[in-house]
Amino acid sequence: METENAIDIQQLNERIKVESAFIDLLNLEISKKIVGQRYMIERLLIGLLTEGHILLEGVPGLAKTLAIKTLSSAVNAKFSRIQFTPDLLPADVIGTMIYNPAENRFVEKKGPVFANFVLADEINRAPAKVQSALLEAMQEHQVTIGDSSYKLPDPFLVLATQNPIEQEGTYPLPEAQVDRFMLKVIISYPEREEERLIMRKNLRQNDEKINQVVKPAEIIRARNTIHEVYMDEKIENYILDIVLASRYPDRFGLPDLKALIAYGGSPRASINLALASKAYAFIQHRGYVIPEDVRAICYDVMRHRVGITYEAEAENISSEDIITKILNKVEVP
């Protein structure tokens with residue numbers, strides 16, 4: 001029985017190597033415009049392959065807009081950018097009904113959310129009503145304008161950005177709404193040599209054309225394949241231990257964390273950690289999940305799902321520090 005199982009996994013592994021070949025083509029196209037930022041691009045691909053939306057935090061000028069725009073060109077998908085401002089209305093995002101005098105009736109005017117890739121720039125600059133309108137579209141994959149509901153295109157990926165520098169005049173996303181994002185990705189400055197290449201590329205006025213290497217239908221097919229990536233019960237238990245340790249640290253020999261954690265990961269954390277681990281294995285052209293896949297993606301799935309107390313803030317302890325302690329304590333299978 002074990003041999004038969006091993007052969008099945010081997011066959012699955014070979015099939016996924018073939019079906020995930022387009023990932024290399026995508027990376028090749030993206031590298032024409034983007035230097036470095038492998039971490040961000042990998043997370044973008046995970047979001048794309050799992051229908052998970054991404055909250056991106058980083059200072060301006062780190063190629064966030066360029067990365068998603070380049071990815072949409074390589075997939076031949078519609079790209080849309082919404083600059084969130086305090087005077088934005090929900091209708092500016094999802095659309096509204098407008099009067100057509102020629103037809104003597106109201107007709108729907110679809111908003112910029114009707115695209116495959118939506119960049120919600122500085123989402124915390126807009127009021128709660130606008131944030132909720134976008135988050136509802138993300139969750140339901142449809143929008144209601146007037147009396148009718150309209151399905152959003154597939155694939156549909158929202159990349160929302162937050163600027164960590166200026167917090168004046170912003171509307172922070174409530175914890176319950178932040179939980180809707182599959183990943184919260186924090187990106188930093190490029191290395192010295194990477195920045196040298198960026199500078200040279202821009203001085204050369206790089207006009208390299210991005211070729212369409214993947215069709216949206218192939219992305220949808222890859223999503224179904226990702227669910228087939230093998231995850232052993234030991235890996236499932238490892239994921240559950242990590243999430244439960246964020247809720248009940250004392251049960252996992254971490255009593256000192258109890259006073260530092262306001263709330264732990266929700267069931268969405270377990271689901272998304274499992275799904276993101278499968279997608280990460282797929283990107284590595286592997287048909288099975290290993291503990292390193294879970295650890296690689298854990299911070300992005302958990303950092304916005306572990307709330308810290310005032311005591312933790314006073315001691316300058318972040319949710320990432322807590323996740324590190326959990327990962328160091330929970331036994332790796």
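Look up a bit, the structure's there.
None of the values given here were measured: they were computed from a predicted structure.

Novice: Run through the packing of aromatic side chains, naming residues and quoting values.
Specialist: Under the counting rule described, the total for this entry stands at 2 aromatic pairs. Their ring planes at 50° and their centres at 6.2 Å tell us that Phe22 and Phe282 sit as a pair that is tilted. Here Phe22, found in helix H2 (residues 22-30), pairs with Phe282, found in helix H11 (residues 267-283); they are 260 residues apart in sequence, far enough to count as distant. Of the two residues, Phe22 and Phe282, both sit in the buried class. Above the plane of the ring of Phe114 lies Lys110, whose end atom (NZ or CZ) is 5.0 Å from the centre. The ring of Tyr288 has Arg286 sitting right over it, with the charged end atom 5.7 Å from the ring centre.

Novice: Any chance you could break down the nonpolar core for me, citing the residues and the numbers?
Specialist: If you look at the biggest cluster of nonpolar residues, it comprises 73 residues, and the most contacted ones within it are Phe22 and Leu71. No other element matches the 10 residues that H11 contributes to this core. Ignoring any residue separated from it by four or fewer positions in sequence, one finds Phe22 in contact with Leu49, Val214, Ile219, Ala222 and Phe282. Grouped together as the second largest cluster of nonpolar side chains are 29 residues, Val118, Leu134, Val143 and Val158 included.

Novice: Describe the sheet that holds strand S9 (residues 183-186), listing the residues and the values that go with them.
Specialist: Reading across the sheet, the 5 strands line up as S2-S5-S8-S1-S9 and stay open at both edges, with parallel pairing between neighbours. Looking at which strands have only one partner, the edges of the open sheet turn out to be strand S2 (79-83) and S9. The sheet shows a mean angle of 20° between the axes of neighbouring strands, direction not considered. Direction of pairing for strand S1 (residues 54-57) relative to strand S8 (residues 157-162): parallel, over a ladder of 4 bridges. Counterpart to Ile54 in the pairing with S8 is Leu159. Lying over the sheet, helix H4 (residues 64-74) contacts S1, S2, strand S5 (117-121) and S8, oriented at roughly 170° with respect to S5.

Novice: Residues and numbers for the pattern of salt bridges, please.
Specialist: Proximity of charged atoms lets side chains of opposite charge pair with each other. Tallying each qualifying case throughout the model produces 19 salt bridges. Taking the shortest distance from any N to any O, the salt bridge between Asp179 and Arg305 comes out at 2.6 Å. Here the residue Asp179 occupies a position in the loop between helix H7 (175-178) and S9, and Arg305 occupies one in the loop between helix H12 (291-302) and strand S11 (307-308), the gap between them amounting to 126 residues. Each member of the pair, Asp179 as well as Arg305, is classed as buried. Across the salt bridge formed by Asp250 and Lys258, the nearest N and O atoms sit 3.7 Å from each other.

Novice: Before we move on, could you go through H2 and cite the residues and values that matter?
Specialist: Those residues of H2 lying buried are Phe22, Ile23, Leu26, Glu29 and Ile30. Seen end-on, H2 carries its buried residues on one side only, within an arc spanning 125°.

Novice: Now, about the side chain of Asp179: what can you tell me, with residues and values included?
Specialist: Residue classification places Asp179 among the buried residues on the basis of a relative accessible area of 12%. Here the side chain of Asp179 touches Arg268 through a polar contact of 3.0 Å, side chain to side chain. Ignoring sequence-local partners within four residues, the contact set of Asp179 consists of Ser266, Arg268 and Arg305.

Novice: Can you tell me about unusual backbone geometry, naming the residues and giving the values?
Specialist: Put simply, Asp154 and Pro155 share a cis peptide bond, and its omega is 0°. Even without being glycine, Glu122 reaches a positive phi, approximately 55°. Counting through the fold element by element, Glu122 comes out in the loop between S5 and helix H6 (128-140). The phi dihedral of His141 is positive, around 60°, even though this residue is not glycine. Residue placement: His141 occurs in the loop between H6 and strand S6 (142-145). A relative accessible area of 18% means that His141 is categorised as buried.

Novice: Quick one: what's the story with the packing of helix H9 (residues 216-226) against H11, residue by residue and with numbers?
Specialist: Direction vectors running N to C along H9 and H11 enclose 115°, while the axes themselves pass 10 Å from each other. When the axes of H9 and H11 are compared, the pair comes out roughly perpendicular. Here the hand of the crossing between H9 and H11 comes out right-handed. The segment H9 lies against H11, with Ala222, Thr225 and Ile226 engaging Leu275, Lys278, Ala279 and Phe282. Across the contact of H9 with H11, the residue classes break down as 5 nonpolar, 1 polar and 1 charged.

Conventions used here
- Residues numbered from 1 in each chain as written.
- Predicted model: local features only at pLDDT ≥ 70, side-chain atom pairs only at ≥ 80, totals over all residues.
- Heavy atoms only, no water.
- Phe/Tyr/Trp six-rings, centres within 6.5 Å; stacked < 30°, edge-to-face > 60°.
- Helix = DSSP H or I, 4+ residues; strand = E, 2+ residues; numbered from the N terminus.
- Buried < 20%, exposed > 50% of the residue type's maximum accessible area, 1.4 Å probe, protein only.
- Lys NZ or Arg CZ within 6 Å of the ring centre and 35° of its normal.
- Core = buried A, V, L, I, M, F, W, Y, C linked by side-chain atoms within 4.5 Å.
- Contact = heavy atoms within 4.5 Å.
- Pairing = 2+ DSSP bridges.
- Axes fitted to C-alpha atoms, helices over the stretch in contact; angles between N-to-C directions.
- Salt bridge = Lys/Arg side-chain N within 4 Å of Asp/Glu carboxyl O.
- Arc of directions from axis to C-beta.
- Polar contact = N/O pair within 3.5 Å; in protein donor to acceptor, adjacent residues only side chain to side chain.
- Parallel < 35°, antiparallel > 145°, perpendicular 65-115°, else oblique.
- Left-handed = near helix turned anticlockwise from the far one by under 90°.
- Nonpolar A, V, L, I, M, F, W, Y, C, P; charged D, E, K, R; others polar.

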